[in-house]
Amino acid sequence: IPDKELIIPNVFSPNGDGNNDLFRPKVYDAVTNYQLKVFNRWGSLVFQTNDPKKGWDGYYSGMPQSSQAFVYVCSFNTSRNELKEYRGTVMLVK
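Residues numbered from 1 in each chain as written. Predicted model: local features only at pLDDT ≥ 70, side-chain atom pairs only at ≥ 80, totals over all residues. Heavy atoms only, no water.

A word on the overall build of the protein. Broken down by element type, the protein carries 0 helices and 9 strands. Written out in order from the N terminus, the α and β elements of the protein read β-β-β-β-β-β-β-β-β. Across the 94 residues that make up the protein, the buried fraction comes to 35%. For the protein, long-range pairs separated by at least 24 residues make up 50% of all intrachain contacts whose partners lie at least 6 apart in sequence. Counting only carbon and sulfur atoms, one obtains 48% of the accessible surface of the protein, whose full area is about 5900 Å². (Helix = DSSP H or I, 4+ residues; strand = E, 2+ residues; numbered from the N terminus. Buried < 20%, exposed > 50% of the residue type's maximum accessible area, 1.4 Å probe, protein only. Contact = heavy atoms within 4.5 Å. Areas by Shrake-Rupley, 256 points an atom, 1.4 Å probe, with all protein chains shown as cover.)

If you want it as structure tokens, here you go:
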């Protein structure tokens, strides 16, 4: 993908069918200092990781979350050591 270090989906469905069960950006670059945070509508942190291979399964404190929009912040350094940050929303659909 030219000029794209990663692609972030805007919807996922953690229903156990094996398709789009995790919210996880698809990384196309050798990124460093990766961090992904997901927040609910009240601003509570529901998921975070420093591993680009790990994604959010739609659970928070052991409870599955209902269908709704969540806010994410994804930051990292590119292979050219440029700092990038993406913010947006992802919709959890059951």
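Once that is clear, we can look at the pairing of strand 5 (residues 45–49). In terms of strand pairing, strand 4 (residues 32–39) meets strand 5 through 4 bridges, oriented antiparallel. Of the residues in strand 5, the one forming a bridge with Lys37 is Gln48. Counting the residues in the hairpin turn of strand 4 and strand 5 gives 5 residues, including Gly43, whose phi is positive at 90°. (Pairing = 2+ DSSP bridges.)

Now for a nonpolar patch on the surface. Together, Val11, Met91 and Val93 make up a nonpolar patch on the protein surface, roughly 200 Å² of accessible area in all. By the secondary structure assignment, Val93 is in the segment after strand 9 (83–92). With a relative accessible area of 35%, Val93 lands in the partly exposed category. (Patch = residues over 30% accessible without salt bridge, like charges linked within 9 Å, V, L, I, M, F, W, Y side chains within 5 Å. Salt bridge = Lys/Arg side-chain N within 4 Å of Asp/Glu carboxyl O.)

Along the chain, the position of Ser75 falls in strand 8 (residues 68–77). You can call Ser75 buried: its relative accessible area is 14%. Contacts of Ser75, omitting those with residues within four sequence positions, involve Asn33, Tyr34, Gln35, Lys84 and Glu85.

Okay, the sheet that holds strand 8 next. Working definition: the strands of a sheet are paired by backbone hydrogen bonds and lie parallel or antiparallel to each other. A sheet is described by the order of its strands in space; here 5 strands give the open sequence 2-9-8-4-5, paired in mixed fashion. The open sheet has two edge strands with one neighbour each: strand 2 (11–12) and strand 5. By the bridge criterion, 6 bridges tie strand 4 to strand 8 in an arrangement that is antiparallel. Paired with Gln35 across the two strands is Ser75, which belongs to strand 8.

Bridging between strand 2 and strand 9 involves 2 bridges; their strand directions are parallel. Pairing of Val11 across the sheet is with Met91, part of strand 9. Inspection of the sheet shows strand 8 paired to strand 9 by 10 bridges, in the antiparallel sense. Bridge assignment links Phe70 to a residue of strand 9, and that residue is Val90. Connecting strand 8 to the antiparallel partner strand 9 that follows it, the hairpin turn spans 5 residues, and Asn81 within it adopts a positive phi of roughly 65°.

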